[in-house]
Amino acid sequence: MLLEVGKTVEGKVTGITPFGAFIDLGEGKTGLVHISEVALSYVKDINEHLKENDEVTVKIISIDNKGKISLSIKQALLDKKKTQASRPVSSRPEEIDWSKKDSDSSTPVSFEEMMNKFKQLSDERMHDIKKGMDSKRGGNYKRSSGSY
């Protein structure tokens, strides 16, 4: 197997040190995943994330003149997330079966009842969206035109 920078490959953890983990890439090739490249979050103790003989997916981030191979589990994870996010997602909203009958009676639901139900669901969703936007802005606050 030809190892190239930017390629994602499978490997096996062969050794763990305080600064990273050595990964066997096959064909006698070994690379190092630095502790900063092990996970998407801060890693204080590498042993909490990796164990010897673990199978991992790594991305080759560099190969120097001496043949030292630098690897990243974090970048492999990010690449995987990007490819999953770029897959086309159905743009169709969830289907609503308008022909369903009300569970309380055997008569079909009237148009007004369906509209009321739709409005209620819509209002609940809008409330959830606004609540999420407020939390991203730093909570509920009011702007004032006066000085601080």
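How each quantity is defined
Counting restarts for each chain: residues are numbered from 1 in the order of the written sequence. Residue-level local features of this predicted model are given only where pLDDT is at least 70; pairs of side-chain atoms are given and counted only at 80 or more, and the full residue set underlies all totals for whole chains, interfaces and linings. Based on all heavy atoms of the structure, the side-chain values leave hydrogens and waters out of the count. Where helices and strands are cited, they refer to DSSP runs of H or I of at least four residues and of E of at least two residues respectively, numbered from the N terminus. Each residue is placed in one exposure class: buried if its accessible area under a 1.4 Å probe, protein chains only, is under 20% of its type's maximum, exposed if it is over 50%, and partly exposed if it falls in between. Throughout, a contact is declared for two residues whenever any of their heavy atoms are within 4.5 Å. Note that accessible areas follow from Shrake-Rupley with a 1.4 Å probe, and for residues the cover is restricted to the protein chains shown. Any two strands between which DSSP finds at least two bridges are classified as paired. Each axis is a line fitted through C-alpha atoms, and for a helix only the stretch in contact is used; angles between axes span 0 to 180 degrees, taken between their N-to-C directions. When a carboxyl oxygen of Asp or Glu lies within 4 Å of a side-chain nitrogen of Lys or Arg, that pair is called a salt bridge. Counting rule for charge: Lys and Arg are taken as positive, Asp and Glu as negative, and neither His nor the chain ends is counted. As used here, the term nonpolar core means buried Ala, Val, Leu, Ile, Met, Phe, Trp, Tyr and Cys residues forming a set that is joined through side-chain atoms within 4.5 Å.

## Points about the overall build of the chain
Piece 1. Scanning the chain for helices and strands turns up 2 helices and 5 strands.
Piece 2. Every one of the 148 residues in the chain was classed for burial, and the buried ones make up 20%.
Piece 3. Contacts in the chain between residues far apart in sequence, at least 24 positions, make up 49% of those at least 6 positions apart.
Piece 4. Element-wise, carbon and sulfur atoms account for 53% of the exposed surface of the chain, whose accessible area totals about 11900 Å².

## Considering the sheet that holds strand β4 (residues 55-63)
Piece 1. Here we have 5 strands rolled up into a closed barrel, ordered β1-β2-β3-β5-β4, and mixed in their pairing. The sheet shows a mean angle of 50° between the axes of neighbouring strands, direction not considered.
Piece 2. Both strand β1 (residues 8-17) and strand β2 (residues 20-26) contribute to a ladder of 5 bridges, which runs antiparallel. Its bridge partner being in β2, V13 is matched across the sheet by I23.
Piece 3. In the packing of helix α1 (residues 73-86) onto the sheet, the strands contacted are β1, β3 (29-34), β4 and β5 (69-72), and the crossing angle to β4 comes to about 105°.

## Notes on the pattern of salt bridges
Piece 1. Under the definition given, this model contains 2 salt bridges.
Piece 2. With a closest N to O distance of 2.9 Å, D79 and K59 form a salt bridge. Highlighted residues: D79 in helix α1 and K59 in strand β4, separated in sequence by 20 residues.

## Quick word on the side chain of E37
Piece 1. Tracing the backbone through its elements, the reader meets E37 in the loop between β3 and β4.
Piece 2. One buried charged side chain, E37, makes no salt bridge at all; its nearest oppositely charged neighbour is K74, positioned 4.4 Å away.
Piece 3. The residues touching E37, leaving out its near neighbours within four places in the chain, are I61, L71, S72, I73, K74 and Q75.

## A few points about the nonpolar core
Piece 1. If you look at the biggest cluster of nonpolar residues, it comprises 19 residues, and the most contacted ones within it are I23, L25, L50, V58 and L71.
Piece 2. Secondary-structure elements contributing two or more residues to this core are β1, β2, β4 and β5.

## Concerning unusual backbone geometry
Piece 1. A positive phi angle, near 55°, is found at E27, a position not held by glycine.
Piece 2. In this structure, E27 sits in the loop between β2 and β3.
Piece 3. A positive phi is found at N53, a non-glycine position, where the angle reads about 75°.
Piece 4. Mapping N53 onto the fold places it in the loop between β3 and β4.

## Considering the pairing of β3
In the case of a regular strand, side chains alternate between the two sheet surfaces.
Piece 1. In this sheet, β3 lies alongside β2 in antiparallel orientation, the contact comprising 6 bridges. Residue F22 lies in a different strand from β3, and its bridge partner there is L32.
Piece 2. Counted along the chain from β2 to the antiparallel partner β3, the turn is 2 residues long, and its residue E27 has a positive phi close to 55°.
Piece 3. Here β3 pairs with β5 via 3 bridges, running parallel. Each residue of the ladder has a partner; that of G31, found in β5, is I69.

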